[in-house]
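The primary structure of each chain is shown beneath.
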Amino acid sequence: MWEGEMGMVGSTMSYNEVVGVIEKVTGRKILVKESNKEKLKEMIREDEGARFYNQAWLSIAQCDAKVEPTLNKLAPDVKPWTVEEYLEKHWSGVEIGEAVEAKGNILT
């Protein structure tokens, strides 16, 4: 039987910690902007086309994006990658262009 929650976790860290790992692995500084929660709520109401995107950003800004490690317990022999392992494998040595801010009704 399937569980109602089917999350698997390799590591748990804040978004600022993820930024730190990205900067370490890529050797580049990451453009970070604080999300204005009230502005995101307004944009969710006003722009149907970007609603899902902005709902996801609002969830992240409110720290509602935690994944429960249900599958870690059900399959203890499976060893998911950590954030650092993933980034090392796929982003180490990759050239990254300059940061560009999005325009329009998607808050970046």
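Residues numbered from 1 in each chain as written. Predicted model: local features only at pLDDT ≥ 70, side-chain atom pairs only at ≥ 80, totals over all residues. Heavy atoms only, no water.

Trainee: Help me understand the overall build of the chain in this model?
Mentor: Within the chain, the secondary structure is distributed over 5 helices and 0 strands. In the chain, the order of α-helices and β-strands from amino to carboxyl end is α-α-α-α-α. Across the 108 residues that make up the chain, the buried fraction comes to 15%. (Helix = DSSP H or I, 4+ residues; strand = E, 2+ residues; numbered from the N terminus. Buried < 20%, exposed > 50% of the residue type's maximum accessible area, 1.4 Å probe, protein only.)

Trainee: Could you clarify how one ought to interpret the side chain of Thr 26 in this entry?
Mentor: Mapped onto the elements of the fold, Thr 26 is located in helix H1 (residues 15-26). Here the side chain of Thr 26 touches Ile 22 through a polar contact of 2.7 Å, landing on its backbone oxygen. At 3.2 Å, the side chain of Thr 26 and the backbone nitrogen of Arg 28 are in polar contact. When neighbours within four sequence positions are excluded, Thr 26 is seen to be in contact with Trp 91 and Ile 96. (Polar contact = N/O pair within 3.5 Å; in protein donor to acceptor, adjacent residues only side chain to side chain. Contact = heavy atoms within 4.5 Å.)

Trainee: Any chance you could explain the packing of helix H2 (residues 37-46) against helix H3 (residues 51-61) here in plain terms?
Mentor: A pair of packed helices can be characterised by two numbers: the angle between their axes and the separation between those axes. Closest axis-to-axis distance for the H2/H3 pair is 9 Å, and the angle between their directions is 155°. In terms of axis orientation, H2 runs roughly antiparallel to H3. Like other packed secondary-structure pairs, H2 and H3 cross with a definite hand, here left-handed. Of H3, the residues touching H2 (which contributes Lys 37, Leu 40, Lys 41, Met 43, Ile 44 and Arg 45) are Arg 51, Asn 54, Gln 55, Trp 57, Leu 58 and Ala 61. Broken down by class, the residue content of the contact of H2 with H3 amounts to 6 nonpolar, 2 polar and 4 charged. (Axes fitted to C-alpha atoms, helices over the stretch in contact; angles between N-to-C directions. Parallel < 35°, antiparallel > 145°, perpendicular 65-115°, else oblique. Left-handed = near helix turned anticlockwise from the far one by under 90°. Nonpolar A, V, L, I, M, F, W, Y, C, P; charged D, E, K, R; others polar.)

Trainee: Mind showing me how you'd approach the pattern of salt bridges here?
Mentor: A side chain of one charge can pair with a side chain of the opposite charge if their charged atoms are brought near each other. Scanning the model with the defined rule gives 4 salt bridges in all. As a salt-bridge pair, Glu 84 and Lys 24 come within 2.2 Å of each other at their nearest N and O atoms. Placement of Glu 84 in helix H5 (residues 83-91) and of Lys 24 in helix H1 is noted, with a sequence separation of 60 residues between them. Note that Glu 42 and Lys 39 form a salt bridge whose closest N and O atoms lie 3.9 Å from each other. Taken together, the residues Glu 42 and Lys 39, both in helix H2 and 3 residues apart, mark about one turn of the helix. (Salt bridge = Lys/Arg side-chain N within 4 Å of Asp/Glu carboxyl O.)

Trainee: Help me understand the packing of aromatic side chains, please; the structure alone is not making it clear to me.
Mentor: What characterises a pair of aromatic rings is the spacing of the ring centres plus the angle enclosed by the ring planes. With the rule as written, the count across this model stands at 2 aromatic pairs. Where Tyr 53 meets Trp 57, the ring centres are 6.1 Å apart and the plane angle is 70°; that geometry is what we call edge-to-face. A residue pair is termed a helical-turn pair when its members lie 3 or 4 positions apart in one helix, as Tyr 53 and Trp 57 do in helix H3 at 4 residues. Aromatic side chains Trp 81 and Tyr 86 sit 6.1 Å apart centroid to centroid with 45° between the ring planes, which places their arrangement in the tilted category. Here Tyr 86 falls in the partly exposed class, since its relative accessible area comes to 40%. (Phe/Tyr/Trp six-rings, centres within 6.5 Å; stacked < 30°, edge-to-face > 60°.)

Trainee: How should the confidence of the model for the chain be read in this particular structure?
Mentor: Interpreting fine coordinate detail is not advised for predicted regions of low pLDDT. The pLDDT averaged across the chain works out to 84; a share of 89% of its residues lies at or above 70. Across the chain, the element-wise mean pLDDT spans from 87 in H3 up to 93 in H5. (pLDDT = per-residue confidence, 0-100.)

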